[in-house]
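Structure assessment
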Amino acid sequence: MSLSKVIQPGSTIGIIGGGQLGRMMALAAKHAGFKIAVVEPSPYSPAGQVADEEIIAPYDDKDALLKLASVSDVITYEFENVDYEALKWLTEKAYVPQGAELIKITQDRILEKQALTDAGVEVAPYAVIRNEEDLNREMEHIGFPSVLKTSRGGYDGKGQFVLRGTKDAKEAISLLKNGPCVLEAWVPFEKEISVIMTRGMNGDLECFPVGENIHVNNILHETIVPARVSENVVEDAEQLAGKIAEHLNLVGTLAVEMFLTKDEKIYVNELAPRPHNSGHYSIEACNISQFGQHIRAVCGWPLMKSRLLEQAVMVNVLGQHVEGVIGQIQQQPDWNVHFYGKEEAKVNRKMGHITILTADMDKTLEELRVNEVWK
Ligand code: AMP
């Protein structure tokens, strides 16, 4: 089922996962007249709301996946925690041009770091930690500060423990309950940047402008585009994202998160095998969005040459920001307001985002900094 096909408007794209990434993928696909089917356990999900068909079931439910296959001309996914075995099984039954291997690699930090190293890019010095002895031995090599991360299932800083000295090992060790971990040297980064890359079915690569990411409490807060870095850094970041995409035989959109140090060294932090929060700016700021480009890739269309139309800043709207943002809509005509249709505005839940196109980045950033919504 892996021979490439061209999927035409009017066909149905199946998406595994019903979150906001699936929703924005679906909306981009709808521009070109595709129909959408979504598998997601919760009804009326962000993607389900804009889909033609919602299949309410767990992501690894084989009957549901077969149903998705029966209504879809091509299948993609919107997040990396799709069950690998189920996806692999689905690749035998349906047209899944991205395959399943990238999911296997990116849902496991140990495999991901190995793949990055094999691709010839640098990651922070690390060691695989399977038990207490490993931790006691390796923390001396890696040094302090360092960070212990669960190999699977962590996101937005969850499943991580920072070690500042040997005395922290006792507490950190509890992470091993969740399975193997990696111990990583702390990178004294100056900036966090990301590159969103799309690779077409024919191997063509298109790169979105490098974004500069500001995190608050380990959750992405702002992406500033273009990143305020030198030309050399842009070139290096794009080049290494390209290397990774080639090495992984990518089809579709991939996000590469990186740490940039003062002396302009780049370490790759992690990969997301899908459109990414730090690429949302592309919806308004580029001639093609990360979602549109992803759809083109999985449908076997030629990728569009991507261009930044204007500088932009994207700000996340978490549960605690919703009321404030809605209260300011009347005073903020320049805000491109996105809400994902989630009902419950829980603290730190990603509810939406705002993108502002600006000719004066410093002024816009200062206005956001003093805005009471994000205080
Ligand atoms: P992650 O879930 O791996 O993306 O980590 C979440 C955040 O923790 C990152 O965006 C960084 O701000 C910080 N972080 C994680 N690993 C490191 C590291 N090795 N060195 C410095 N900061 C880190």
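Cut-offs used in this document
Residues numbered from 1 in each chain as written. Predicted model: local features only at pLDDT ≥ 70, side-chain atom pairs only at ≥ 80, totals over all residues. Heavy atoms only, no water. Patch = residues over 30% accessible without salt bridge, like charges linked within 9 Å, V, L, I, M, F, W, Y side chains within 5 Å. Areas by Shrake-Rupley, 256 points an atom, 1.4 Å probe, with all protein chains shown as cover. Salt bridge = Lys/Arg side-chain N within 4 Å of Asp/Glu carboxyl O. Helix = DSSP H or I, 4+ residues; strand = E, 2+ residues; numbered from the N terminus. Domains from an automatic or database assignment. Pairing = 2+ DSSP bridges. Axes fitted to C-alpha atoms, helices over the stretch in contact; angles between N-to-C directions. Buried < 20%, exposed > 50% of the residue type's maximum accessible area, 1.4 Å probe, protein only. Arc of directions from axis to C-beta. Contact = heavy atoms within 4.5 Å. Polar contact = N/O pair within 3.5 Å; in protein donor to acceptor, adjacent residues only side chain to side chain. Core = buried A, V, L, I, M, F, W, Y, C linked by side-chain atoms within 4.5 Å. Near = heavy atom within 4 Å. Nonpolar A, V, L, I, M, F, W, Y, C, P; charged D, E, K, R; others polar.

Below, the discussion takes up a nonpolar patch on the surface. Taken together, the side chains of Ile326, Ile329 and Val337 define a hydrophobic patch exposed on the protein surface, amounting to about 220 Å² of accessible area. With respect to the helices and strands, the residue isoleucine 329 is situated in the loop between helix H11 (322-328) and strand E16 (336-339).

Now for the domain arrangement of the protein. Here the protein is partitioned into domain 1 (12-96), domain 2 (125-185) and domain 3 (189-374). Using C-alpha coordinates to define each centre, domain 1 is positioned 35 Å away from domain 2.

A few words on the sheet that holds strand E2 (residues 35-40). With parallel pairing, four strands are arranged side by side in an open sheet as E3-E2-E1-E4. Each end of this open sheet is capped by a strand with a single partner; those strands are strand E3 (53-56) and strand E4 (74-77). Pairwise comparison of adjacent strand axes, ignoring direction, gives a mean angle of 20° for this sheet. Sheet topology note: the strand E1 (residues 12-16)/E4 ladder contains four bridges and is parallel. Within the sheet, the bridge partner assigned to glycine 14 lies in E4 and is isoleucine 75.

For helix H6 (residues 132-142), every residue scored as buried is listed here: Asp134, Leu135, Glu138, Met139 and Ile142. Each buried residue of H6 sits inside an arc of 115° when the element is viewed along its axis, so together they form one side. Relative to its buried face, H6 has exposed residues pointing more than 90 degrees away, namely Glu133 and Glu140. Looking at the packing, one finds that the buried side of H6 touches strand E5 (126-129), strand E6 (146-150), strand E7 (160-163), helix H7 (169-172) and strand E8 (181-185). Capping of H6 at its N-terminal end is provided by asparagine 131; its side-chain oxygen lies 3.3 Å from the backbone amide nitrogen of glutamate 133. In the segment just after H6, glycine 143 is the residue with positive phi, at about 85°.

As a further point, take the nonpolar core. Core analysis: the largest hydrophobic core is formed by 50 residues, its most contacted members being Ile16, Leu87, Leu90, Ile193, Ile244, Met258 and Val268. When residues of this core are assigned to their parent elements, the largest contribution, seven residues, is made by helix H8 (residues 231-247). The residue makeup of this core includes at least three contributed by each of domain 1 (12-96) and domain 3 (189-374). Listed in part, the 22 residues of the second largest apolar core include Ala51, Phe291, Ile295 and Cys299.

A word on the pattern of salt bridges. Oppositely charged side chains may form a pair once their charged atoms are brought near each other. Applying the stated rule across the entire model yields 17 salt bridges. A salt bridge links glutamate 80 to arginine 274, with the shortest nitrogen-to-oxygen separation between them at 2.5 Å. Taken together, the residues glutamate 80 in the loop between E4 and helix H3 (84-93) and arginine 274 in the loop between strand E14 (266-272) and helix H9 (282-285) connect sequence positions 194 residues apart. For the pair shown, glutamate 80 and arginine 274 are each scored as buried. Here arginine 228 makes a salt bridge to glutamate 212, at a shortest N to O gap of 2.7 Å.

With that out of the way, let us pick up the sheet that holds E5. With antiparallel pairing, the four strands of this open sheet are ordered in space as E5-E8-E6-E7. Strands at the two margins of the open sheet, each flanked by one partner only, are E5 and E7. Strand-to-strand twist of the sheet, defined as the mean angle between neighbouring strand axes without regard to direction, takes the value 20°. In this sheet, E8 lies alongside E6 in antiparallel orientation, the contact comprising five bridges. The residue bridging serine 146 from the neighbouring strand is alanine 185, located in E8. With respect to the sheet, H6 is in contact with E5, E6, E7 and E8, its orientation differing from that of E5 by roughly 175°.

Looking now at the site of the ligand. The local shell around the ligand holds 16 residues, among which Lys149, Gln160, Glu184, Val187 and Glu192 are the closest. A distance of 2.9 Å is found between an oxygen atom of the ligand and a side-chain nitrogen or oxygen belonging to asparagine 269. If the ligand stood free it would expose 480 Å²; the protein chains cover 95% of that surface. Partitioned by chemical class, the residues of the shell around the ligand number six nonpolar, five polar and five charged.

Our focus in this paragraph is the side chain of glutamine 293. By the secondary structure assignment, glutamine 293 is in helix H10 (residues 290-298). Setting aside its immediate chain neighbours within four residues, glutamine 293 contacts Thr198, Glu206, Phe208, Thr253, Ile288, Leu303, Met304 and Ser306.

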